[in-house]
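Each chain is listed here by its residues.
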Amino acid sequence: MHRIDLQIRKGECVLLCGASGCGKTTITRLLNGLIPHYYEGELQGTVSVFGRSISDTPIEDFAGIVGSVFQNPRSQFFCVDTTAEIAFGCENMGLSETEIQKRIDKTVADMCIEKLQNRSIFNLSGGEKQKIACAGVAAMLPELIVLDEPTSNLDHDAINELRDIIRGWKAQGKTIVIAEHRLGWLSRSCDRVVYMENGSISAEFTGEAFFPLPAEKLSSMGLRAVLTANNYLESKTGLTQIKPFDGIEKITLNGFTYSYGKQYAIHISELAIPKGAVIAVVGHNGAGKTTFTKCLCGLQKHFKGTVNIDGKPYRSKDMVWLSYMVMQDVNHQLFAETVLEEVMLGTDDTGEQTALDILQKLHISEYKERHPMSLSGGQKQRAAIASALLAGKKLLVFDEPTSGLDYRSMECTAELLRSLHKDITVLIVTHDMELIDRCCTHILHIENGGIESGCSGKGAI
């Protein structure tokens, strides 16, 4: 990042946008003091927050002044249950028990997350974790709130709730900075939009001037459209065909059940999905989508159920060898020293050119010698997608594969998924309606651990 000259007025809501890797997250880290106190590098110039130099002020002194919600909320959790996590920041500020409880009660009510109280962090969906991270920040009542891709794992309703919360923060006079790829939900909330390219500020707009820009102009800038055509969560059918598909073979799932203690997370007695299709798995946050796909891939212990493929039944331990899953948090599955080595894990040397071709199509070939953990969130996601495409499995599962991806990266990912051989079945857990529009042939709607059609636990096409 270089030649940044940016002033943010107190009480202003500013959107940082641009392609993955353009420097949005770096600016958020400058504002909360993680640069230079945590992340290494050379900082030239000055950065001050409410008159305090970030270089000269210990990072702990920013507690209660700057609140941050990271792209990966798990990286900021310190407790194992949700209510304690919301209280954690307030406790570190030395507030009284009475004041902490008062703030928790108000935050939980404002964010409509009563059902998430006193839950295990480990049993939450990605979207639910993001809500808890936002609540923990809100409870501290900071003057500056910094959010990095806050909607990447949120469903349509949760995004609307977050929008209302941000408007409430604005009414309180809070200063808000949001790095984001999804734009439409901020159309009536942002005062200013800062557009970044290659580590520099390329343009600035008022909110009134930016959000009416036509989709063609936004796509030429590498940005998502403000409005999307469809909300597939409105579908009340269990498994819906949305594009012509010639295949008639089915993969049948029988007796899918999984529970966290006494609470059922998945209960599907029978489900037939088309073999060789690209299937979007949709549902509200906490509906059981990720748990369902983990069971399908054999990654959940004590799971009960079988998968019938080509007339042969497979149990959980068998599905591990037939499937490949790109997790919501890709940091858990990046192991190699370089990006090229990462995407070639499990393949032989003869596949190097194929690997390079896929990296080229995903626009990350220039990072082939970089360590995967040094990439931006969106770039890591693309590296994990490349690994899946080279794995040679018959069942590929992607959990929020476009979280943190800009418009061009989302388009490239959709094109690659569309081009897969019809012998490969793909399931995509996603809230990204643009991705569904571009590559999915079917939609599977899950709510409360069952198929949405009455949540009866049965569904077929």
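First, a word on scope: everything that follows refers to the structure included in this document.

Notes on the packing of aromatic side chains
Enumeration over the complete set of coordinates arrives at seven aromatic pairs. Centre to centre, the rings of F210 and F211 are 5.2 Å apart; their planes meet at 85 degrees, and the pair counts as edge-to-face. Of the two residues, F210 and F211, both sit in the buried class. Taking 5.4 Å as the distance between ring centres and 90 degrees as the angle between the ring planes, the aromatic pair formed by Y258 and Y260 counts as edge-to-face. Taking relative accessible area as the criterion, Y258 reaches 12% and is therefore assigned buried. Judged by relative accessible area, which is 26%, Y260 ranks as partly exposed. Above the plane of the ring of Y39 lies R29, whose end atom (NZ or CZ) is 4.0 Å from the centre.

Things to note about the pattern of salt bridges
Per the stated rule, a full pass over the model turns up 17 salt bridges. The partner of E161 in a salt bridge is K131, with the nearest N and O atoms 3.9 Å apart. With E161 in helix α6 (residues 156–171) and K131 in helix α5 (residues 126–139), the pair connects residues that are 30 residues apart, well separated along the chain. Note on K131: relative accessible area 16%, which makes it buried. Here R163 and D164 are joined by a salt bridge, their closest N and O atoms 3.5 Å apart. Owing to a relative accessible area of 43%, D164 belongs among the partly exposed residues under this scheme. Connected through shared salt-bridge partners, R9, E12, R192 and E204 make up one network.

Side note on helix α13 (residues 377–389)
The terminal C-alpha atoms of α13, which comprises 13 residues, lie 19 Å apart, in line with the 18 Å expected from a rise of 1.5 Å per residue. Counting buried positions along α13 gives 12 out of 13 residues, so the element sits mostly inside the fold. For α13, the full list of buried residues reads G378, Q379, K380, Q381, R382, A383, A384, I385, A386, S387, A388 and L389. Buried positions along α13 lie against β15 (323–326), α11 (339–343), α12 (352–361), β16 (395–399) and α14 (407–418).

Comments concerning the pairing of strand β4 (residues 66–69)
What you see with β4 is no split at all: V66 and S68 on one side and G67 and V69 on the other are buried throughout. Here four bridges tie β4 to strand β5 (residues 144–148), and the two strands are oriented parallel to one another. Residue pairing for β5: V66 is matched across the bridge by L144.

A look at the layout of surface pockets
Rolled over the atoms, a probe with the dimensions of a water molecule shows which regions are left empty. The calculated volume of the second largest pocket comes to roughly 940 Å³. For the second largest pocket, the lining is made up of 31 residues, of which M1, I4, L30, T46 and V47 are closest to its centre. Mapped by element, the contributors of at least two residues to the lining of the second largest pocket are α1 (24–32), α2 (34–37), β2 (48–49) and β6 (175–179). Looking at the lining of the second largest pocket element by element, the count peaks at four residues for α1. By residue class, the composition of the lining of the second largest pocket is 16 nonpolar, nine polar and six charged.

Overview of the environment of S187
Of note, S187 is situated in the loop between β6 and β7 (192–197). For S187, a relative accessible area of 30% gives the class partly exposed. Sequence separation of S187 and F211 is 24 residues, and the distance between their C-alpha atoms is 5.8 Å.

Regarding the packing of helix α4 (residues 97–111) against α5
Working note: a packed helix pair is described by the angle between its axes plus the distance between those axes. Where α4 contacts α5, the axes come no closer than 9 Å and their chain directions differ by 135 degrees. Between α4 and α5, the angle falls in the class oblique. The two elements α4 and α5 meet at a crossing, and its hand is right-handed. Between α4 and α5, the contacting residues are R103, T107 and M111 on the first element and K131, C134, A135, A138 and A139 on the second. For the contact of α4 with α5, the per-class residue count stands at five nonpolar, one polar and two charged.

Conventions adopted
- Residues numbered from 1 in each chain as written.
- Predicted model: local features only at pLDDT ≥ 70, side-chain atom pairs only at ≥ 80, totals over all residues.
- Heavy atoms only, no water.
- Phe/Tyr/Trp six-rings, centres within 6.5 Å; stacked < 30°, edge-to-face > 60°.
- Buried < 20%, exposed > 50% of the residue type's maximum accessible area, 1.4 Å probe, protein only.
- Lys NZ or Arg CZ within 6 Å of the ring centre and 35° of its normal.
- Salt bridge = Lys/Arg side-chain N within 4 Å of Asp/Glu carboxyl O.
- Helix = DSSP H or I, 4+ residues; strand = E, 2+ residues; numbered from the N terminus.
- Expected span 1.5 Å × (residues − 1).
- Contact = heavy atoms within 4.5 Å.
- Pairing = 2+ DSSP bridges.
- 1 Å grid on protein atoms, 1.4 Å probe; cavity = no way out; pocket = protein on both sides within 12 Å on 5 of 7 lines; lining within 4 Å.
- Points joined across faces, edges and corners; volume = space filled by probe spheres on them.
- Nonpolar A, V, L, I, M, F, W, Y, C, P; charged D, E, K, R; others polar.
- Axes fitted to C-alpha atoms, helices over the stretch in contact; angles between N-to-C directions.
- Parallel < 35°, antiparallel > 145°, perpendicular 65-115°, else oblique.
- Left-handed = near helix turned anticlockwise from the far one by under 90°.

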